[in-house]
Amino acid sequence: MNLELKDIYKSFGEKQVLKGISFTAESGKAFGILGRNGAGKTTTIRILMQVFPADSGNVQMDGQPIDYRKTGIGYLPEERGLYPKKKILDQLVYFAQLKGMGRAEAVKSVGWWLSRLGMEQYRDKRLDTLSKGNQQKIQLITALAHDPQIVILDEPFSGLDPVNAMLLKDVVKEEIARGKIVLFSSHQMNYIEEFCDQIAIINNGKTVLKGDLHAIKRNYTRDKLIVFSQQADQIAANAGLSCKACGEGGLMVSLASPDEKQKVMRHLTEHYDIDEIRVFEPSLNDIFVEYTGGQGEEK
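Notes on the structure in this doc start here. (Residues numbered from 1 in each chain as written. Predicted model: local features only at pLDDT ≥ 70, side-chain atom pairs only at ≥ 80, totals over all residues. Heavy atoms only, no water.)

Here strand S1 (residues 2–12) pairs with strand S4 (residues 56–61) via five bridges, running antiparallel. Along S4, the bridge assignment pairs Lys6 with Asn58. Of the pairings in the sheet, the one linking S4 to strand S5 (residues 64–65) comprises two bridges and is antiparallel in character. Following the sheet pairing, Met61 is matched in S5 by Gln64. Where S4 folds back onto S5 in an antiparallel hairpin, the turn is made up of two residues, including Asp62, whose phi is positive at roughly 55 degrees. (Pairing = 2+ DSSP bridges. Helix = DSSP H or I, 4+ residues; strand = E, 2+ residues; numbered from the N terminus.)

In structure tokens:
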């Protein structure tokens, strides 16, 4: 399956929020939607979910206008929205039924997900008796219990401790392996880099960069090396190279030309004790800052 947003425009009053957003996400892969606050990410997601229509442009599945009666969408919002005083099992079944499941099917699916996330013992508890991390796992079940083809995760790791973050990672990888279209929206670049094959960066309502993340990185001029060595000071002083410190015990070596990298690598490994040497590629955080003028990852 391919999910495609084509030339989406949207205004609210006189303010134009989206100015031709386009990208394609594929099944069995994770797609990262990036942008500073106010860039248009949330509006794009809401149009995709049919919360409100685009002024122009369209959303397609496999080249045809998306049929929302046949295409399930699961959404984990950044701002969680469950009922704090209601019993967990009852509201999870209720939400699954809202997404088209029969009651018996919903009870079975919710039970499976409670077990998968280690939450069975809380099924008859009120939501407000749970920790923030466990509440987030319950919210995740609302996004997945009805077995949607498209899964949208908005800041999914926010507030999770390392154990719960690892569990969520495993669940996301399982959904990707099952052929789902998984869309991430996050300011935490490390998670986008870990999961996403493709990205789109939105800035001021426009898609300013999109495509395969690895290909994007490799398109940058490969004229810098990262070198780690206990002799970093000697290399910087004696190797006749343009160097600057890069991490603990590391150097970034700037080359006159990308064609020099093999020669310089050979020279360094022959004359110094090198622990690691590799071609520098920009991080997603570096790329994000370049294309948005932002500050990169937000804490």
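Now, onward.
Taken together, the side chains of Tyr83, Tyr94 and Leu98 make up a nonpolar region of the molecular surface, amounting to roughly 330 Å² of accessible area. Judged by relative accessible area, Tyr94 falls into the partly exposed class, the value being 42%. (Patch = residues over 30% accessible without salt bridge, like charges linked within 9 Å, V, L, I, M, F, W, Y side chains within 5 Å. Areas by Shrake-Rupley, 256 points an atom, 1.4 Å probe, with all protein chains shown as cover. Salt bridge = Lys/Arg side-chain N within 4 Å of Asp/Glu carboxyl O. Buried < 20%, exposed > 50% of the residue type's maximum accessible area, 1.4 Å probe, protein only.)

Taking a probe equal in size to a water molecule and rolling it over the atoms shows the remaining empty space. Considering only enclosed or pocket space, the largest pocket measures out at about 530 Å³ in volume. Around the largest pocket, the lining comprises 25 residues; the ones closest to its centre are Met49, Ile73, Tyr75, Lys99 and His146. Elements supplying a minimum of two residues to the lining of the largest pocket: strand S6 (73–76), helix H2 (88–98) and helix H4 (132–144). Top contributing element to the lining of the largest pocket by residue count: H4, with three residues. Classifying every residue of the lining of the largest pocket gives 12 nonpolar, nine polar and four charged. Taken as a whole, the second largest pocket spans an internal volume of roughly 340 Å³. (1 Å grid on protein atoms, 1.4 Å probe; cavity = no way out; pocket = protein on both sides within 12 Å on 5 of 7 lines; lining within 4 Å. Points joined across faces, edges and corners; volume = space filled by probe spheres on them. Nonpolar A, V, L, I, M, F, W, Y, C, P; charged D, E, K, R; others polar.)

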